[in-house]
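# Architecture and fold: a report
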Amino acid sequence: MDYGTLRGLIALLILALFIIIVVWAYSKKRRSSFDDAANSIFEEDRKDEVNKQETNNNV
């Protein structure tokens, strides 16, 4: 096996891994967990706002 063939096989392997990762990321099974992770930042902001409001009400 020469160097060109090896480079071609490695390129195919990397392409296959890329396609597998894309399919995994966009699968319907993973969508809910990714949506939860994406919205978690907003939940933390809401908790901070509630804590600030509680603190202001006590003053």
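On a predicted model such as this, the values are computed, not experimentally measured, just so you know.

This part takes up the overall build of the protein. The secondary structure content of the protein amounts to two helices and zero strands. About 5,800 Å² of surface is accessible on the protein, with carbon and sulfur atoms providing 61% of the total.

A word on the UniProt feature "transmembrane region" (unreviewed entry) in the protein. UniProt marks residues 6–26 with the feature "transmembrane region" (unreviewed entry), using the numbering shown here. For the annotated span residues 6–26, helix accounts for 95% and strand for 0% of the residues, and the straight-line distance between the end C-alpha atoms is 30 Å.

For the coordinates displayed, the defined rule picks out one aromatic pair. Each ring, one from W24 and one from F34, has its centre 5.6 Å from the other, and the planes form 90°; the classification is edge-to-face. Of this pair, W24 sits in helix α1 (residues 3–25) while F34 sits in helix α2 (residues 28–58); the two residues are ten residues apart in sequence, bridging distant segments of the chain. Residue classification places F34 among the partly exposed residues on the basis of a relative accessible area of 32%. Looking at R30, its charged tip hangs above the ring of F34, at a distance of 5.1 Å from the centre.

Oppositely charged side chains can pair when the atoms bearing their charge come close. Per the stated rule, a full pass over the model turns up one salt bridge. D35 is the salt-bridge partner of R31, the closest N and O atoms lying 3.6 Å from each other. Placement of the pair is R31 and D35 together in helix α2, with a separation of four residues, close to one helical turn. Its relative accessible area of 56% is what places R31 among the exposed residues. A relative accessible area of 34% places D35 in the partly exposed class.

Procedures and definitions
Residues numbered from 1 in each chain as written. Predicted model: local features only at pLDDT ≥ 70, side-chain atom pairs only at ≥ 80, totals over all residues. Heavy atoms only, no water. Helix = DSSP H or I, 4+ residues; strand = E, 2+ residues; numbered from the N terminus. Areas by Shrake-Rupley, 256 points an atom, 1.4 Å probe, with all protein chains shown as cover. UniProt positions renumbered as here; feature names shortened; annotations may be inferred. Phe/Tyr/Trp six-rings, centres within 6.5 Å; stacked < 30°, edge-to-face > 60°. Buried < 20%, exposed > 50% of the residue type's maximum accessible area, 1.4 Å probe, protein only. Lys NZ or Arg CZ within 6 Å of the ring centre and 35° of its normal. Salt bridge = Lys/Arg side-chain N within 4 Å of Asp/Glu carboxyl O.

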